[in-house]
Amino acid sequence: REPYETPFGPGSLFAIRRDEFWRLGGYDEGLYVWGGENTEMAFKMWMCGGRMLMVPCSRVGHMYRQHKEKDGRGALTRWPPTLPQEMTDRLGCAYKNETYTGRFIVLRHPADNFTRITTRNNLRIMETYVGDHPAKLAYYKRMFGQEKLMPEFQRFIDEWKGDPAAQKQVSLMKKNKCHDFEWWDKYVFMRLTGRHHPWHPQNGKYKQVNCGNHKAKTCALCPQGNGRDWCNGDCSWCATSSKCFPAEELTQKCMKAPKKAALEASMKAVIEAANIQKEKAGGIHLPIHLPPRERVKLPESMKDKPILTISVVLPCGFEHDYFIRTAESVFYETPAEVLKEIVIVDDASAPPLEQSWSEAAAAKFGVKYVRLNEPAGLIGAKQAGAEAATGDIIVFFDCHVKPDIDYWVPYVKEISENYKRAVIPVITVLNVDTWTQPHRPAKGSGMSKCYLTFDAEFKWTNDKTPHVPIMSGGLLAISRKWFFEIGGYDSSMKGWGGENLDQSLRIWTCGGEIVSAPDSYVAHMWRDGSEKTKAKYKVGAGDAVKNRARAVKAHLGDWYKKTLSFPSFKRWQGQALDTSSITDSFSDLTCENFEWYLQRFKYIYRDAGVLPSEVFQIAAVEVEGSSLCLELKTLGWTNFGHDDEIVLKECTDTHTQPQSQWWHGSNRLENGSCCGSLRAWNTDQCINGRGVSTGAEKVPTHTCNLDSGKEVSLTPSSDDGEELLLKVGLKDNCISVEKGSKLLTIVPCKDASKWLKRKPFTPIEYEMLSSETKAMWGGDN
């Protein structure tokens, strides 16, 4: 790799001939501490007859400073350094003689004292090497928001004019017959980069805005999903619309919104009044509308570009109370150029939804109705809506949601890149009394990902990948083309349940993918058992279980036998179950088998122990007269469980009965490998090692967190390795049996009773793996 020319270089590491360094005048002796010296040296070298080269094959390791006071290593790495008061006084910094003198502004934000030093240095360099070129005024405007310097900065220019060190550099520029900034821009920067320098007035065609610590083509593109923290410099954040605008346009474009509390109170009053009127009218549903507001606009960066359109499908069975607000929320939060239509599928509601909101009135909000005279259930209603949709992307929402601002942006972006990609939003909580989202989770958390268990359940999970093994089902975006290529929803599924498993497995195994959209938030009303959230439609007895059985039989191959071992699927043992309506729908595609899927998500099935290679009992050693093993107190085999606790019960000798007495390693450690906890086989329960402390009289379990880290472990108690300690948490505590009883407690490990792994065996789900996969997985979870 050959050396190449560069307009600038880092200031701290470079080589130069000694005589050339002094011919150029060395460093400006008036520069303080740090900052700007690399710019000064680059200008000198190029303008005064030299060159600056990067040498790729010369490598030097460098310790980078930490931008914080303390990182455990003291002042060695502290940055910026502590400045002597003499210097801060000379600079007129924020504190002078221990008296606060006020902040100063750089890039439209309060700056610390050290930034003032670098700013002062840069102003000296601008005077010396840029001079009266218009680029200097562009620099001022960029840094300070105006071309005329404020007094606190003008003083540095006045100081420069009479400073011998600065005038020495000016004299050397003349002596060395150095070129000016215009020459440097044309013959150095333009030649090497293909564009004018950002300060140059002719840089308009390449113009980028300064976002603070990075640049973008427009302010709208500054945040990149990071919100106000990435909207600085030339731009300012509008909290009302959660958008980034040019600073000079903020007042004009950022409309003041009503205070959140007032808005919530207003909406709550409207809803309460409507409910009172509903009672007076004998239960007749009265329409509840959102307060009128301005519809969001398409971002400037997306205008004049091809953009995919979306059709939002709302399956609404007896959703009289919420369907209007859901549709209006979608309308207000989706630009006109993006929203093709809102398809409301009235699944045989009585009275029809259209009586609450006329077709003509709804059409003003982009709504078109599809009325089903016979109830088709959630799955059938979704299919009917998809068939009526005409947009490039179909967005399936429940009929009781409120999408947040810019919810649609990741759908368009992700599916534009790959039409076989489905996109899942972060699902939050909707308060239907105020029609607000009470809390938004931190970015990267929240609910969007699930994984499949062998009893055809799906459990929420989270990890560092963008991929979603199983979608929860209700809220997703998918291209219309891909949806129909994989056959749409199964026409033989009834009501609700299982369609998310079928669709997820179709998408993944047939060449598509499912990703989460951490910047797309959709608030959802969860069914909590109360009258106002209770579903008004009916699901046939056994329909949901049959749907799930159909999904796993069509996709899991031999692993369907594992599903049939669970009590909820016992009725299907030995019975024929025709799944041809699923398999025929994608028979023209080249699809992988279920083992491919397990291998694709080995970080769940292998590394998090969801598919264990060994299952065993945990037997107490020191209980006289009986053989006792750990068992869940209330739960049998199910992954649709609840928090429980472990107790000691008589050890069973069979593992074919639904008794939660068998355990295996589970959950990823910090390094991504297995195992950080112990999971009851065929359940979703792990021992809660962080929820106990010394002296606890109950050992709880909870839904397994696949990323738990070290929570519970069986470790050898002595060199022979036969007897084990059952360690919990990060301290030296263990699960023990109380002396003289069969009760469990938590004690220091040195005082704990011992345990044995009893009757270990390889479960059927692992046996079904091919020898190649077993070898690849290492044969040990």
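One structure accompanies this document, and this report is about it. Being a predicted model, the structure only gives us computed values, none of them experimental. (Residues numbered from 1 in each chain as written. Predicted model: local features only at pLDDT ≥ 70, side-chain atom pairs only at ≥ 80, totals over all residues. Heavy atoms only, no water.)

Thoughts on the overall build of the protein chain
No. 1: Helix and strand counts for the protein chain come out as 23 helices and 32 strands.
No. 2: The 781 residues of the protein chain split such that 50% are buried.
No. 3: Within the protein chain, residue pairs in contact and separated by at least 24 positions form 67% of the contacts whose partners lie at least 6 positions apart.
No. 4: For the protein chain, the exposed area adds up to about 37,500 Å²; of that, 52% sits on carbon and sulfur atoms. (Helix = DSSP H or I, 4+ residues; strand = E, 2+ residues; numbered from the N terminus. Buried < 20%, exposed > 50% of the residue type's maximum accessible area, 1.4 Å probe, protein only. Contact = heavy atoms within 4.5 Å. Areas by Shrake-Rupley, 256 points an atom, 1.4 Å probe, with all protein chains shown as cover.)

Some thoughts on the pattern of salt bridges
No. 1: Inspection of the entire model under this criterion finds 35 salt bridges.
No. 2: With its nearest N and O atoms 2.7 Å apart, the salt bridge here joins D19 to R17.
No. 3: Note on D19: relative accessible area 45%, which makes it partly exposed.
No. 4: With relative accessibility at 59%, the residue R17 sits in the exposed group.
No. 5: Here the residues in one salt-bridge network are D28, R120, R124, E159 and D163, joined through shared partners. (Salt bridge = Lys/Arg side-chain N within 4 Å of Asp/Glu carboxyl O.)

Here we look at the state of the cysteines
No. 1: Scanning all chains against the criterion turns up 10 disulfides.
No. 2: With a sulfur-sulfur separation of 2.1 Å, C219 is cross-linked through a disulfide to C235. Measuring handedness by torsion sign, the sulfur bridge of C219 and C235 sits at about -80° and is left-handed. One end of the pair, C219, is in the loop between β8 (215–216) and β9 (235–238); the other, C235, is in strand β9, and 16 residues separate them in sequence.
No. 3: The class for C235 is buried, based on a relative accessible area of 2%.
No. 4: Here C734 is linked by a disulfide to C749, with a sulfur-sulfur distance of 2.0 Å. Between C734 and C749 the disulfide shows an S-S torsion of about 90°. By sign, it is right-handed. One end of the pair, C734, is in strand β30 (residues 733–737); the other, C749, is in the loop between β31 (744–748) and β32 (755–761), with 15 residues separating them in the sequence. (Disulfide = S-S within 2.5 Å.)

With respect to the environment of L635
No. 1: The residue L635 is located in the loop between β22 (628–632) and β23 (644–650) in this model.
No. 2: Relative accessible area serves as the criterion here: at 12%, L635 is assigned to the buried category.
No. 3: Counting along the chain gives 45 residues from L635 to A680, while the straight-line C-alpha distance between them is 9.8 Å.
No. 4: The contact partners of L635, leaving out residues within four places of it in the chain, are G641, H642, D644, S660 and Q685.

Topic: unusual backbone geometry
No. 1: With an omega of -5°, the peptide bond running from A350 to P351 counts as cis.
No. 2: With respect to the secondary-structure elements, P351 resides in the loop between β12 (339–347) and α12 (359–363).
No. 3: Between C674 and the following residue, C675, the backbone shows a cis peptide bond with an omega angle of 10°.
No. 4: Here C675 shows up in strand β25 (residues 674–680).
No. 5: Residue K177 is not a glycine yet carries a positive backbone phi of 50°.
No. 6: Checked against the element boundaries, K177 lands in the loop between α7 (164–175) and α8 (181–193).
No. 7: Unusually for a residue other than glycine, W435 sits at a positive phi of about 55°.
No. 8: When you line up the elements, W435 lands in the loop between β16 (421–429) and β17 (449–452).
No. 9: Of the residues examined, W435 reaches a relative accessible area of 3% and is grouped as buried.

Re the side chain of E711
No. 1: You can see E711 is positioned in the loop between β27 (699–703) and β28 (712–716).
No. 2: It turns out E711 is buried and unbridged, and the closest side chain with the opposite charge, R690, is 4.9 Å from it.
No. 3: A distance of 3.5 Å separates a polar atom in the side chain of E711 from a polar atom in the side chain of S677.
No. 4: Each residue touching E711, except ones within four places of it in the same chain, is listed here: N667, G676, S677, I687, N688, G689, R690, H702, K727, V728 and G729. (Lys, Arg positive; Asp, Glu negative; His and termini not counted. Polar contact = N/O pair within 3.5 Å; in protein donor to acceptor, adjacent residues only side chain to side chain.)

Some thoughts on a nonpolar patch on the surface
No. 1: On the surface, V429, M447, W460 and W526 cluster together into a nonpolar patch covering about 330 Å² of accessible area.
No. 2: Counting through the fold element by element, M447 comes out in the loop between β16 and β17. (Patch = residues over 30% accessible without salt bridge, like charges linked within 9 Å, V, L, I, M, F, W, Y side chains within 5 Å.)

Some details on the pairing of strand β21 (residues 615–620)
No. 1: With 6 of 6 residues buried, β21 lies mostly within the body of the structure.
No. 2: Every second residue of β21 is oriented toward a common face, with V615, Q617 and A619 on one face and F616, I618 and A620 on the other, all of them buried.
No. 3: Where β21 meets β32, 5 bridges bridge the pair, whose relative direction is antiparallel. Across the sheet, the residue bridging to I618 is K757, located in β32. (Pairing = 2+ DSSP bridges.)

Notes on the nonpolar core
Note on soluble globular proteins: their nonpolar side chains tend to be buried together.
No. 1: F396, I478, W559, F594, Y605 and L611 are the most contacted members of the largest nonpolar core, which has 69 residues in total.
No. 2: Among residues more than four places away in sequence, those in contact with F396 are V313, K382, A386, G474, L475, L476, I478, F483 and Y489.
No. 3: Counting 45 residues, the second largest nonpolar core, distinct from the first, contains I324, I344, W408 and L475. (Core = buried A, V, L, I, M, F, W, Y, C linked by side-chain atoms within 4.5 Å.)

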